[in-house]
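Chain and residue survey
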Amino acid sequence: MKAESCKIGDGVYWVGTLDWDLRTYHGYTLKGTTYNAYLVFGKDKVALIDNTYPGTSSQMWGRIAHAFSCEKRDIAIDVIIQNHIERDHSGALLEIHKKFPKAPIYCTEIGEKGLLKHYPSLAGAGFIISKTGTTIDLGGRTLENVETPFLHWPDSMETFLAPNGILFSNDAFSQHLCYARRYDHDVPDAFLMEAAAKFYGNLLVYPSKLLVKKLDEFRRLGLAEKITMIAPGHGQIWTDPGRILSAYTGWATGVCENKVTIIYDTMHHSTQMMAHAIAEGLIAGGIDVKMYYLHEDERSEIVKDILTSKGICMGIPTIHDAPFPSIGDIIYYLKGLRFDHTGIKRGAVTFGSMGGKGGAVKIIADELTKAGFDVKEQMECYYVPDENELNQCFEIGRTFAATLLGK
Ligand code: FEO
């Protein structure tokens, strides 16, 4: 299809795909995203960095044709760089290899193994294993690979273009946004940072310690001060890289707002009444509140706010002597994410209503402890909370606020 590229630097073009219609991606809710691919023109060779999701390549090919026409060159891709296996970055690799079979495919060692499992017909393709420091000379312009294992898959790497100061960062620094224009300043600031936080919260919390080390390595290698633009795998391109580097440093080391995220579900509104009373206590104590009702809300949005919260409150009624099952999804997710990897143990309160033996509140407290939270208080209420019990919830919220504020 006809589609235009976006020139982002001297001899560098964005040639990715706008996926306007995507609403969920492995459980992550979104309103569209982009699969960013980039062409880098040297005097002798042209490199394509990453590509697009399976079945979405027609936009990419249109933009590639446009970029080559802007450079007044015949279409010829000489080097393929595959920074990451996952299909949203590699889904057109077979097509590209078919059109340009002589172009070597640069990826990490683990990347080659994973790509061959995803695309067995690539056996015999010209893979070149990249390590940190591997350079690719395009003629007057050299690309350099940096391994970034587990950020966020074992195979991940990034590519730096020194003359332009552009870091092609793949998933790191991404946001799942789909806007018509390509830069950070083309999007309202609050949307941009919220989308970046959501991406971090869902993909990069677990490897936060590795991220801190990698940011240190970038500084040691002298890369950090050379980066003038970060071109990620999804969403807007950062023309102000300091902004997102600073945000990542904060998220990876537990910098939080004076905020608590409340997550609850309810059967007959009793646990809901407790949630609202605890919220009033938190607010009175000087802490902001974000409220999530599991009947309607889902995990990828919730963890975005947990990332920037000093604590959480989790409420669930008891059914069959166990927690009402809707809480299981977010608990399993939190046990995998390990928010304590961000350098702090966030405080927690658990609460809920019961009519028989009860027990759900303690069960979810134990699970949150295993997930790396510091459970400060538990409150279980028999059937419908009365005024006295709602006052207790208020005081739990106010005391929790004081604890989180260090009062
Ligand atoms: Fe790890 Fe954007 O995929």
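The model shown is predicted, which means the values in this text are computed figures rather than measured ones. (Residues numbered from 1 in each chain as written. Predicted model: local features only at pLDDT ≥ 70, side-chain atom pairs only at ≥ 80, totals over all residues. Heavy atoms only, no water.)

As a further point, take the sheet that holds strand β13 (residues 142-147). Pairing is mixed in the open sheet, where 5 strands are placed in the order β12-β13-β14-β15-β16. On the outer flanks of this sheet lie β12 (135-137) and β16 (229-232), each paired with one strand and no other. Strand-to-strand, the axes of this sheet are offset by a mean angle of 20°, without reference to chain direction. Both β12 and β13 contribute to a ladder of 3 bridges, which runs antiparallel. Opposite Thr-135, over in β13, you have Glu-144 as the bridge partner. This element, helix α6 (residues 208-220), spans β13, β14 (157-161) and β15 (166-170) of the sheet and lies at about 145° to β13. (Pairing = 2+ DSSP bridges. Helix = DSSP H or I, 4+ residues; strand = E, 2+ residues; numbered from the N terminus. Axes fitted to C-alpha atoms, helices over the stretch in contact; angles between N-to-C directions. Contact = heavy atoms within 4.5 Å.)

This paragraph deals with helix α5 (residues 189-203). The terminal C-alpha atoms of α5, which comprises 15 residues, lie 21 Å apart, in line with the 21 Å expected from a rise of 1.5 Å per residue. Taken across its 15 residues, α5 has 11 buried, putting it largely inside the fold. Close packing links the buried residues of α5 with β5 (28-29), α6, α7 (241-252), α9 (299-307) and α10 (327-337). (Expected span 1.5 Å × (residues − 1). Buried < 20%, exposed > 50% of the residue type's maximum accessible area, 1.4 Å probe, protein only.)

It is worth spelling out the domain arrangement of the protein chain at this point. Splitting the protein chain by domain gives domain 1 (6-252) and domain 2 (261-402). Distance between the C-alpha centres of domain 1 and domain 2: 38 Å. Carbon and sulfur atoms make up 57% of the surface buried where domain 1 meets domain 2, a total of about 1,400 Å² over both sides. Our enumeration of links across domain 1 and domain 2 arrives at 2 salt bridges. Its salt-bridge partner being Lys-304, residue Glu-194 comes within 2.8 Å of it at the nearest N-O pair. Inspection of the region where domain 1 meets domain 2 yields 9 residue pairs in polar contact (both at pLDDT 80 or more). When contributions to the side of domain 1 that touches domain 2 are tallied by element, the ones reaching two or more residues are β5, α5, α6 and α7. If you tally residues by element for the side of domain 1 that touches domain 2, the top one is α5, at 6 residues. (Domains from an automatic or database assignment. Buried area = accessible area lost by both parts, 1.4 Å probe. Salt bridge = Lys/Arg side-chain N within 4 Å of Asp/Glu carboxyl O. Polar contact = N/O pair within 3.5 Å; in protein donor to acceptor, adjacent residues only side chain to side chain.)

Further remarks concern a nonpolar patch on the surface. Judged by side-chain polarity, Met-273, Tyr-382, Tyr-383 and Val-384 come together as a nonpolar surface patch covering roughly 420 Å² of accessible area. When you line up the elements, Met-273 lands in helix α8 (residues 270-284). The exposure class assigned to Met-273 is partly exposed, which follows from its relative accessible area of 31%. (Patch = residues over 30% accessible without salt bridge, like charges linked within 9 Å, V, L, I, M, F, W, Y side chains within 5 Å. Areas by Shrake-Rupley, 256 points an atom, 1.4 Å probe, with all protein chains shown as cover.)

Once that is clear, we can look at the packing of aromatic side chains. Following the criterion strictly, the structure yields 13 aromatic pairs and no others. Residues Phe-41 and Phe-68 carry aromatic rings whose centres are separated by 4.9 Å and whose planes lie at 70° to one another, so their mutual orientation is edge-to-face. Placement of the pair is Phe-41 in strand β7 (residues 38-41) and Phe-68 in helix α1 (residues 57-70), with a sequence separation of 27 residues. Taking relative accessible area as the criterion, Phe-41 reaches 3% and is therefore assigned buried. An aromatic cluster is defined as three or more aromatic residues linked by ring pairs; in this entry it consists of Phe-173, Tyr-200, Tyr-248 and Trp-251. The side chain of Arg-299 reaches across the aromatic face of Tyr-333, ending 5.2 Å from its centre. (Phe/Tyr/Trp six-rings, centres within 6.5 Å; stacked < 30°, edge-to-face > 60°. Lys NZ or Arg CZ within 6 Å of the ring centre and 35° of its normal.)

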